[in-house]
Amino acid sequence: MTDLLDALVSPWTFLLVLVVFGAAPRLVLRLLVRIYPPGHERRLELMAELAVIPRWERPLWVVEQLETALAEGIPARRHARPGPGAISEGRQQTVRSKSTVISAGPVHIVRNREDRQCDDGPVDLGPQPGDRVPAGCG
Amino acid sequence: MRTTHALVQVALALMSAPADRHWGYELGKSAGVRSGALYPILRRMLSDGWLSDGWEDPATIHGRPPRRYYEITDDGRRELGALLARAEIDPRFRGLNPGWAR
């Protein structure tokens, strides 16, 4: 019995209580909200909610937020990420430098920029430096 | 939106004070819904136009960050009322007594 009392009043127990009910919930929540994509409103919202929750409820509430972050954060992050077909800016520049035009149908390569037409041909990636607009194109 | 126990409980909590601002933590407490279910429901309600949201004015608070609040819109009042009316006659929600909040 005295061993138990000694353990309860030991400095280590005191330190553990300080960590569990003090700094740890905020720290863990800061890590959890990083599951959400940057700029997501829930990041700020959950951190603000923590400030009004009684200290004795905080550890459990923070653990609950793992479920929230997984249920919402991962889909939000997946939604925020560009799809697999998207071409990055760097890749677009490479494609432009090779004068390759990507179309919805079979791959169409324009060997010479002068060959471009203004009809419903392959999708153009935009004007190039030194491009000439063919006559009759609006 | 699929009518679940959690949705009816949140609707009850919202409609208990339809003109007030609602806060995430208090809403979860009064609805008895864990936050893993509450926040996705709030997100759906926001996207469906049942709720509007906003942030506390930082000038009115001290020592903590501004919190996000939720308010029921006119559409939301109508939809939540209809949801509770349906829940009232649904035997799945007999224990929740959805009628009192309408």
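Whatever comes next refers back to the structure up there.
One structure accompanies this document, and this report is about it. (Residues numbered from 1 in each chain as written. Chains lettered and ligands numbered in written order. Predicted model: local features only at pLDDT ≥ 70, side-chain atom pairs only at ≥ 80, totals over all residues.)

### Thoughts on the overall build of chain A
This is how the line gets drawn: We count a stretch as a helix when DSSP gives it H or I for four or more residues in a row; a strand needs E for two or more, and each element gets its number in order from the N terminus. C-beta atoms are placed from the backbone for every residue, and two residues are taken to be in contact when these atoms lie within 7 Å.
For chain A, the helix and strand inventory stands at five helices and two strands. Order of helices (α) and strands (β) in chain A, N terminus to C terminus: α-α-α-α-α-β-β. Within chain A, contacts between residues separated by at least 24 positions form 50% of all contacts whose residues are at least 6 apart in sequence.

### A word on the packing of helix α2 (residues 11-32) of chain A against helix α4 (residues 58-80) of chain A
Residues and elements named next belong to chain A. Here is the rule we go by: Structural elements are reduced to axes, namely lines fitted to C-alpha atoms, with helices fitted over the stretch in contact, and the angle between N-to-C directions of any two is expressed from 0 to 180 degrees. Any angle that is under 35 degrees is reported as roughly parallel, and any over 145 degrees as roughly antiparallel; angles of 65 to 115 degrees are reported as roughly perpendicular and all others as oblique. Nonpolar residues are Ala, Val, Leu, Ile, Met, Phe, Trp, Tyr, Cys and Pro. Charged residues are Asp, Glu, Lys and Arg, and all others, Gly as well, are polar.
Contact geometry for α2 and α4: axes closest at 9 Å, N-to-C directions at 10°. Between α2 and α4, the angle falls in the class roughly parallel. Facing V20, F21, P25, V28, L29 and L32 of α2, the residues of α4 in contact are R58, P59, V62, Q65, L66 and A69. Tallied by class, the residues present in the contact of α2 with α4 amount to ten nonpolar, one polar and one charged.

### Thoughts on the interface of chain A and chain B
Each partner contributes residues to the interface: chain A has 16 residues there, and chain B has 13 residues. When contributions to the side of chain A that touches chain B are tallied by element, the ones reaching two or more residues are α3 (41-50) and α4 of chain A. Top contributing element to the side of chain A that touches chain B by residue count: α3(A), with seven residues. Classifying every residue of the side of chain A that touches chain B gives seven nonpolar, two polar and seven charged.

### Description of the nonpolar core
All names here are of chain B. For clarity, the threshold we go by: To define a nonpolar core, we join buried Ala, Val, Leu, Ile, Met, Phe, Trp, Tyr and Cys residues through C-beta atoms within 7 Å and take the resulting set. Any residue surrounded by 20 or more other C-beta atoms within 10 Å of its C-beta is treated as buried, while 12 or fewer makes it exposed and the intermediate range makes it partly exposed; C-beta atoms here are placed from the backbone.
V10, A11, A31, L38, I41, L42 and L80 are the most contacted members of the largest nonpolar core, which totals 25 residues. Every element with two or more residues in this core is listed here: α1 (5-15), α2 (24-31), α3 (35-47), β3 (68-72) and α4 (74-89). Tallying contributions element by element places α1 first for this core, with seven residues. Those residues within four positions of L38 in sequence are excluded, and the remaining contacts are V10, G24, L27, G28, A31 and V33.

### Observations concerning the packing of α1(B) against α4(B)
All names here are of chain B. Just so we agree on the cut-off: We call a crossing left-handed when the near helix sits turned anticlockwise from the far one by less than a right angle, and right-handed when that turn is clockwise.
α4 packs onto α1 with a crossing angle of 125° between their chain directions and a minimal axis gap of 10 Å. Classified by the interaxial angle, the pair formed by α1 and α4 is oblique. Crossing geometry of α1 relative to α4 is assigned as left-handed. Within the contact between the two elements, α1 uses V8, A11, L12, L14 and M15 and α4 uses L80, L83, L84 and A87. When grouped by side-chain class, the residues that make up the contact of α1 with α4 number nine nonpolar, no polar and no charged.

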